[in-house]
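Each chain is listed here by its residues.
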Amino acid sequence: MAERDFIGDIVKYSFSGIIPIDDLYKAMQKWARIYNYKVIEKENKTQADTDKKSHVFTWTLERKITDYVRYKIDVDIKAKNLKEVKVKNAKRKYYQGSIDFTFSAYLEKDYEDSYGKNPLVKFTREVYDKYVTESKMKRFEREITKDRDKLIAEIRAFLEVQKLKKADE
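Reference entry: report on the structure contained in this document.

Conventions we followed
Residue positions are given per chain, counting from 1 as you read along its sequence in written order. Per-residue local features of the predicted model are confined to residues with pLDDT of at least 70, and side-chain atom pairs are confined, for both listing and counting, to 80 or more; whole-chain, interface and lining totals are unaffected and use all residues. Only heavy atoms go into the side-chain values, all of them from the structure, while hydrogens and water stay out. Secondary structure elements are taken from DSSP: a helix is a run of H or I of four residues or more, a strand is a run of E of two residues or more, and numbering for both begins at the N terminus. Every radius of gyration here is taken over C-alpha atoms, with the globule rule written as 2.2 Å times N^0.38, N being the number of residues. Residue burial is assigned from relative accessible area. The probe radius is 1.4 Å, only protein chains are included, and a residue is buried under 20% of its type maximum, exposed over 50%, and partly exposed in between. Residue contacts follow a heavy-atom distance rule, with two residues in contact if any of their heavy atoms lie within 4.5 Å. Only the protein chains shown count as cover for residues, and the accessible areas themselves come from Shrake-Rupley with a 1.4 Å probe. Pairing of aromatic side chains requires ring centres within 6.5 Å, counting the rings of Phe and Tyr and the six-membered ring of Trp. Pairs whose planes differ by under 30 degrees are stacked, by over 60 edge-to-face, and all others tilted. As a reminder, the over-ring test applies to NZ of lysine and CZ of arginine, requiring each to be within 6 Å of the ring centre and within 35 degrees of the ring normal. Paired strands are those between which DSSP finds at least two bridges. Every axis corresponds to a line fitted to the C-alpha atoms, with the helix fit spanning only the stretch in contact, and the corresponding angles, defined between N-to-C directions, vary from 0 to 180 degrees.

This part is about the overall build of the protein. The secondary structure content of the protein amounts to three helices and five strands. Listing the helices and strands of the protein from first to last along the sequence gives β-α-β-β-β-β-α-α. Here the C-alpha atoms of the protein give a radius of gyration of 20 Å, more than 25% beyond the 15 Å that 2.2 N^0.38 yields for 169 residues. Along the first, second and third principal axes, the C-alpha set of the protein runs to 65 × 30 × 25 Å. Among the 169 residues that make up the protein, the fraction classed as buried is 37%. In the protein, of all internal contacts separated by at least 6 residues, the share reaching a separation of at least 24 is 70%. Only carbon and sulfur atoms are counted for the fraction: they give 50% of the accessible area of the protein, which is about 10400 Å².

A word on the packing of aromatic side chains. This model, assessed by the stated rule, comprises eight aromatic pairs. Where Y25 meets W59, the ring centres are 5.2 Å apart and the plane angle is 75°; that geometry is what we call edge-to-face. Residue Y25 is found in helix α1 (residues 21-34), and its partner W59 is found in strand β3 (residues 53-64); the two are separated by 34 residues along the sequence. Judged by relative accessible area, Y25 falls into the partly exposed class, the value being 22%. Ring geometry for F101 versus F103: centroids 6.0 Å apart, planes at 10°, classification stacked. The structure contains a cluster of three or more aromatic residues connected by ring pairs, namely Y13, F101 and F103. Above the plane of the ring of Y68 lies R125, whose end atom (NZ or CZ) is 3.7 Å from the centre.

With antiparallel pairing, the five strands of this open sheet are ordered in space as β1-β5-β4-β3-β2. Every interior strand has two partners, whereas the edge strands, β1 (3-19) and β2 (38-48), have only one. Put simply, the sheet's adjacent strands are angled 10° from each other on average, direction ignored. In this sheet, strand β4 (residues 69-85) lies alongside β3 in antiparallel orientation, the contact comprising eleven bridges. Across the sheet, residue W59 finds its bridge partner in β4, namely V75. α1 rests against β1, β2, β3, β4 and β5 (94-109) of the sheet, and its axis sits at about 5° to β3.

Right, here's the structure in full:
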């Protein structure tokens, strides 16, 4: 069974204002493609009340690094109280509301379960990871932390541009 080594704390980000949900979704997909992450969509729910909507997305972004290690970033997105608004010269739907993001990053080791079948082999691999490849694992931890932070920065920048667009009108 694969082991998970969580890196850092869970990072949360919230935004209120004009949100183009479809464009945000596409921007995150594009980011994943650029950085060679595979997107696994675990949940995509929309709940509509009379004039307001809520969206819940749960994604896992994964990228194979070696045959033993892969990066994973879990992203939970909850958009609440979305009300459709009219934006000048807009061909897409825009919503006024709030959106919350939760990010957690981790290394998934032995995801192919090559070393977990035999307890002695598993123990040997753990010792090897701890004492021989420690610097390599630290480098992996730094890289996945940078990737998570890049994703957060991309989302923040995208949403801030929407604020600026609204201010121009």
